[in-house]
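Structural overview
Listed below, chain by chain, are the residues.
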Amino acid sequence: MKMKSSEEIYISPNHLAKAPGAQLQTKYMPGNKYSFNSSTPRTRLERLLRERELRKFNQSFHLSNEARDGNGEGDPSGSDSPNEGDNFGIQNEEEFPEGFTEGRTTSKQRLLVVANRLPVSAVRKGEDLWQLEISVGGLVSALLGVKEFEARWIGWAGVNVPDEIGQKALTKALAEKRCIPVFLDEEIVHQYYNGYCNNILWPLFHYLGLPQEDRLATTRSFQSQFDAYKKANQMFADVVNKHYQNGDVVWCHDYHLMFLPKCLKEYNIEMKVGWFLHTPFPSSEIHRTLPSRSELLRSVLAADLVGFHTYDYARHFVSACTRILGLEGTPEGVEDQGKLTRVAAFPIGIDSDRFVRALELPQVQNHITELKERFAGRKVMLGVDRLDMIKGIPQKILAFENFLEENPNWRDKVVLLQIAVPTRTDVPEYKYYEVLVVAAAISTLRLASQGESIGLTMKDQKLTSQVHEIVGRINGRFGTLTTVPIHHLDRSLDFHALCALYAVTDVALITSLRDGMNLVSYEFVACQASKKGVLILSECAAQSLGAGAILVNPWNITEVAASIGYALNMPADEREKRHWHNFMHVITHTSQEWAMTFVSELNDTIFEAELRTRQVPPLLPTKDAIERYLQSNNRLLILGFNSTLTEPVDNIPGRRGGQIKEMELKLHPGLMEPLKNLCDDPKTTVIVISGSDRGILDDNFSEYNMWLAAENGMFLRLTTGEWMTTMPDNLNMDWVDSVKHVFEYFTERTPRSHFELRETSLVWNYKYADIEFGRLQARDMLQHLWTGPISNASVDVVQGGRSVEVRAVGVTKGAAIDRILGEIVHNRGMKAPIDYVLCIGHFLGKDEDIYTFFEPELPSEPAAAARTKVVEPVKTSSTKVSTSKSGSKASRSKKHQALSTLEKRTCNSGSASGSGWRPTVRENTSLHEGSSVLDLKSDNYFSCAVGRKRSKARYLLGSLDDVVTLLKDLAEFSRPC
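Residues numbered from 1 in each chain as written. Predicted model: local features only at pLDDT ≥ 70, side-chain atom pairs only at ≥ 80, totals over all residues. Heavy atoms only, no water.

1. A few points about the overall build of the protein
Along the protein, the regular secondary structure elements total 34 helices and 29 strands. The proportion of buried residues among the 977 residues of the protein is 56%. Only carbon and sulfur atoms are counted for the fraction: they give 50% of the accessible area of the protein, which is about 42400 Å². (Helix = DSSP H or I, 4+ residues; strand = E, 2+ residues; numbered from the N terminus. Buried < 20%, exposed > 50% of the residue type's maximum accessible area, 1.4 Å probe, protein only. Areas by Shrake-Rupley, 256 points an atom, 1.4 Å probe, with all protein chains shown as cover.)

Here it is, written out as structure tokens:
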């Protein structure tokens, strides 16, 4: 596609994030063949698909301009060019083709990439002189060529710079490379990096476990290492906050910085923060062994988007949050009190063009010629790995030995080239694990038929010497004077030599035991356009090349050996088909696409959060609520009990008694005195309404002068009186026994679950059961209930976060409150209308009609209809009942036969003349209903949901502590002078 400069287009990558419905900013473009839907994307998927198309259009347009202007004819090695390397793929304005930047309506979005190490190596040459060398790693390659963002790198430079002169000079030198240093002293590095990161987190995340009894010295220093870890993360946060500008995207990387998202959000809650893990994330059973497990999980959850290489790792993270923290896991991520942290898989790739172009370089071609001559007549197998215990190098070599034993005809026709790059040589703990795993692998994987002693002991040898000894033994057995079957190198190769080696390889063998994302397989595929070699890939390595690769279990050396034979003898047509699958994946799932996709999803996550925030009630204006409380003459306080007035389970020492404590609901100690003061105020009426039975409310509030409404308002009493029922006369409870049998069955089948039998409902709670198993059991229970015991019954099924409740139709707090008010008015003989209402609770969605009941102004017709339904006159009974916690069938039958004394009382009260205040009858209410006692202005009504961000309430109180503070203030200000 060729355009004149006057017809060119620019589409900002963050355009949709700022205005998802905005159109392309184009100049005059006659006959544009790219037709974009002009309608506003309505869903998250529509927005992401649209942005993906725009991004691809920008890329294709940019490439066409490069081809037209000859910009693509430079150095084919791409990132090896000084400008690109220095700028990490960031293109300056003058580098755009002429006319390309004209008419641009947006600037580039700034991207702050925060990693433990900067992508440079710094060497001090003088007091104020530094030499910098760019190190192109996986993350650097991922952002090479990403032109849509203005990137800045923040991290540790890898050197200790104690003096201020050196720090200023290094900061200035790094600024030219778009890098910002974080200065860590030697002690912090030792405790944070060598200690907590590589001695605790790295082994744990790779399923190697924590240090055992023979590592007690390390175990004892765990807390100091964790403190250093948090301190280092805070130092990173300080630097990020110093350079942060509104609208920036902050992208945190890897297990070194798990505390960083929390630190950043404490600085600025509006900061866009993403976190990506480049290693595996273990299952919840492994992660829960970490002493600081909860702190790290909650810190990561402060990020807006959490990314992993594979779905398995993302699933493990969500599972850890649900099982360890008790949070709600959803298909989109993890939800905590209405705040959603999106969790997703983002498989990383490579800069495939860089490898493809490199094959045309003269120096690479020279290397290829030399290698072909050196290994003429022999098939070349290749392994390129870090010298890590998780890379499975011993397993690979032993499998190759097994192949040579079983296939004598191949002994002089194949060679294995193993490149082992030394790493982490400064971490003694790392070597300990290396020795442990390799020794175990060798002892278990050696074929019994050999009967030969390897002569390796964990005490005497390190990993390198062990591998060398295996290689030497195999070469001694199967080598000749002129050839050996294994060439092993303990060093890295330069980029050009590595590309040449990939190009001449017939079979690449990757046997990782546990890996984040193995990119060697991608690099091999990218260099195989002519050879079309075969890839043997460990199923334990996080990868996406399964369609074209031969997947193996690296621990099964017999299977790996058989796969080697199959790969060496594979027909050409099958090799070509397999290579095509792999190659298409590598060139489409590039590192640049990975980076763009992550930032795009992060921007969209922020947009989704803004939409969700609009539906979240604002925080309660405490000062206004107290002022209007003091100005009113007849106040009504309606308080929930559970999670509103109860003692928090988190305060229980040891945490293990949480289930028993929660089942034994107790009033918060800090509320005892404030509640007493409020209840003693003659201008204030206090109602505690709860789904709990009467016995629990009696145990907690019998000493207070208040009204208690048990079982969602179906039972009522003033603490100085006896219990009465407000149940409708036509309430049918014949379904109770059949539902009880179902609940008993599922309680027996679900460990740590329990159920409560109430007089108007049954509740099955699985909060402390295994969360995933509990959900499955709840789903199974509901299916059985709907098709069996309650299929024709007049009941409502109310699903809580981790509970299932079956109650009679119409049993809600909102439906009961009208009848409760009528009884209160009759009992107290009110002389003035209620002119102030404060309603606070952590209610189920089904019971939140209590909030809408008190709304003085009905905003729309549907709401009015709903209100009419709530206050519809019904016959009720106020017969006094036994205070036992569960009633018999006979007692329930007796309640249903009672006369509606409440109706008579309220009507008589309303017909009185000349004796005090007369209730006002409003539209859509009846004279005998409790709503007639309200003379409530909108400004004097405060409904507050506690910790529930999706609510019908007007306002939000963040936690139980906020409730305690509010009631203390009300009690203090209302106390007479």
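2. Description of the sheet that holds strand β27 (residues 836–841)
Strand order in this open sheet of eight strands is β22-β21-β20-β19-β18-β27-β28-β29, and the pairing throughout is mixed. At either margin of the open sheet sits one strand with a lone partner, and together these are β22 (724–725) and β29 (955–957). As paired strands, strand β18 (residues 635–639) and β27 are joined by five bridges and run parallel to one another. Residue pairing in the sheet places L637 in a bridge with L838 of β27. Lying on the sheet, helix α34 (residues 960–974) is in contact with β18, β27, β28 (941–946) and β29; it crosses β27 at an angle near 155°. (Pairing = 2+ DSSP bridges. Contact = heavy atoms within 4.5 Å. Axes fitted to C-alpha atoms, helices over the stretch in contact; angles between N-to-C directions.)

3. Observations regarding the pairing of strand β20 (residues 707–710)
The two faces of β20 match: W707 and A709 on one face and L708 and A710 on the other face are all buried. Pairing analysis gives four bridges linking β20 to strand β21 (residues 715–718), with the strands arranged antiparallel. Opposite W707, over in β21, you have L718 as the bridge partner. Counted between consecutive antiparallel strands, the loop separating β20 from β21 contains four residues, among which E711 sits at a positive phi close to 50°.

4. With respect to the confidence of the model for the protein
Considering every residue of the protein, the mean pLDDT works out to 76; 73% of them sit at 70 or more. Of the regions scoring below 50 in pLDDT, residues 70–106 engages in 78 contacts with residues more than four places distant in sequence or in other chains. Confidence drops under pLDDT 50 across residues 858–929; counting only partners more than four residues distant or on other chains, this segment forms 111 contacts. (pLDDT = per-residue confidence, 0-100.)

5. Some points on the pattern of salt bridges
Oppositely charged side chains may form a pair once their charged atoms are brought near each other. Summed over the entire model, instances satisfying the criterion amount to 37 salt bridges. With a shortest N-O distance of 3.0 Å, K265 and D304 are connected by a salt bridge. Separated by 39 residues along the polypeptide, K265 in helix α9 (residues 260–267) and D304 in the loop between α11 (293–301) and β8 (305–308) bring together distant segments of the chain. With a shortest N-O distance of 3.7 Å, R628 and D939 are connected by a salt bridge. Placement of R628 in helix α23 (residues 622–631) and of D939 in the loop between α33 (901–911) and β28 is noted, with a sequence separation of 311 residues between them. (Salt bridge = Lys/Arg side-chain N within 4 Å of Asp/Glu carboxyl O.)

6. Some points on helix α12 (residues 311–324)
End to end, α12 covers 20 Å across 14 residues, agreeing with the expected 20 Å (1.5 Å per residue, within 8%). Extensive coverage of α12 is indicated by the burial of 10 of its 14 residues. Two residues or fewer past α12, G326 is found with a positive phi of approximately 75°. (Expected span 1.5 Å × (residues − 1).)

7. Examining the sheet that holds strand β26 (residues 803–808)
Each strand in a sheet pairs with another by means of backbone hydrogen bonds, the pair being arranged parallel or else antiparallel. Across the sheet, which stays open at both edges, the four strands sit in the order β23-β24-β26-β25 with antiparallel pairing between neighbours. In this open sheet, the two edge strands, each paired with only one partner strand, are β23 (754–757) and β25 (795–799). The average angle at which neighbouring strand axes cross in this sheet is 10°, direction not considered. Of the strand pairs in this sheet, β25 and β26 are connected by five bridges, and their pairing is antiparallel. Along β26, the bridge assignment pairs Q799 with V804. Sitting on the sheet, helix α27 (residues 736–749) is in contact with β23, β24 (761–765) and β26, with an inclination near 10° to β24.

8. A look at a nonpolar patch on the surface
Together, W580, M584 and I587 line one region of the surface with nonpolar side chains, adding up to about 290 Å² of accessible area. Within the fold, M584 resides in helix α21 (residues 572–588). (Patch = residues over 30% accessible without salt bridge, like charges linked within 9 Å, V, L, I, M, F, W, Y side chains within 5 Å.)

9. Brief notes about the nonpolar core
The nonpolar side chains of a soluble globular protein tend to be buried with one another. Grouped together as the largest cluster of nonpolar side chains are 132 residues, with contacts concentrated most on Y192, Y229, F308 and F317. Among the elements that make up this core, the one with the highest residue count is helix α6 (residues 186–205) (11 residues). Among residues more than four places away in sequence, those in contact with F317 are F281, L297, V300, L301, V306, F308 and V343. By size, the runner-up hydrophobic cluster in this structure holds 93 residues, among which are L671, I689, W764 and M781. (Core = buried A, V, L, I, M, F, W, Y, C linked by side-chain atoms within 4.5 Å.)

10. Structural notes on the packing of aromatic side chains
All told, the structure shown has 34 aromatic pairs when counted by the stated rule. Summarising the aromatic geometry, the rings of Y745 and F746 are spaced 5.3 Å apart at their centres and angled 85° between planes, so their arrangement reads as edge-to-face. Classification of F746 by relative accessible area gives buried; the value is 3%. Residues F854 and Y941 carry aromatic rings whose centres are separated by 5.9 Å and whose planes lie at 40° to one another, so their mutual orientation is tilted. Placement of the pair is F854 in the loop between α30 (849–853) and α31 (861–870) and Y941 in strand β28, with a sequence separation of 87 residues. With respect to class, F854 is no different from Y941; both count as buried. (Phe/Tyr/Trp six-rings, centres within 6.5 Å; stacked < 30°, edge-to-face > 60°.)

11. A look at the packing of helix α14 (residues 362–374) against helix α18 (residues 495–504)
With their axes 8 Å apart at the nearest point, α14 and α18 run at an angle of 50° to one another. Here α14 lies oblique to α18, going by the angle between them. Where α14 crosses over α18, the handedness of that crossing is right-handed. Side by side, α14 and α18 meet where Q363, V364, H367, I368, L371 and K372 of the first sit next to H496, A497, C499, A500, L501, A503 and V504 of the second. Along the lines of polarity and charge, the residues of the contact of α14 with α18 split into nine nonpolar, three polar and one charged. (Parallel < 35°, antiparallel > 145°, perpendicular 65-115°, else oblique. Left-handed = near helix turned anticlockwise from the far one by under 90°. Nonpolar A, V, L, I, M, F, W, Y, C, P; charged D, E, K, R; others polar.)

12. Points about the state of the cysteines
All chains considered together, the criterion is met by zero disulfides. Note on C252: no disulfide assigned, nearest cysteine sulfur contributed by C263 at a separation of 9.6 Å. Given a relative accessible area of 0%, C252 falls into the buried group. Considering cysteine sulfurs only, C527 is the nearest to C499, which forms no disulfide, with 4.4 Å between them. (Disulfide = S-S within 2.5 Å.)

13. Re the pairing of strand β2 (residues 120–126)
Two elements, β2 and strand β3 (residues 129–134), share six bridges in a ladder whose sense is antiparallel. Pairing of V120 across the sheet is with I134, part of β3. Two successive antiparallel strands, β2 and β3, enclose a turn made up of two residues.

14. Comments concerning the environment of R575
By the secondary structure assignment, R575 is in helix α21. Spatially, the C-alpha atom of R575 lies 9.5 Å from that of L535, the residues being 40 residues apart in sequence. In contact with R575, not counting residues within four places along its chain, are K531, K532, V534 and M570.

15. Some details on the environment of N732
Here N732 is to be found in the loop between β22 and α27. Accessibility expressed as a relative area gives 42% for N732, which makes it partly exposed. Placed 76 residues apart in sequence, N732 and A808 show a C-alpha to C-alpha distance of 7.1 Å.

16. What to know about unusual backbone geometry
A positive phi is found at E711, a non-glycine position, where the angle reads about 50°. Here E711 is to be found in the loop between β20 and β21. You will see that R752, though not glycine, has its phi angle at about 70°, which is positive. As for its placement among the helices and strands, R752 is situated in the loop between α27 and β23.

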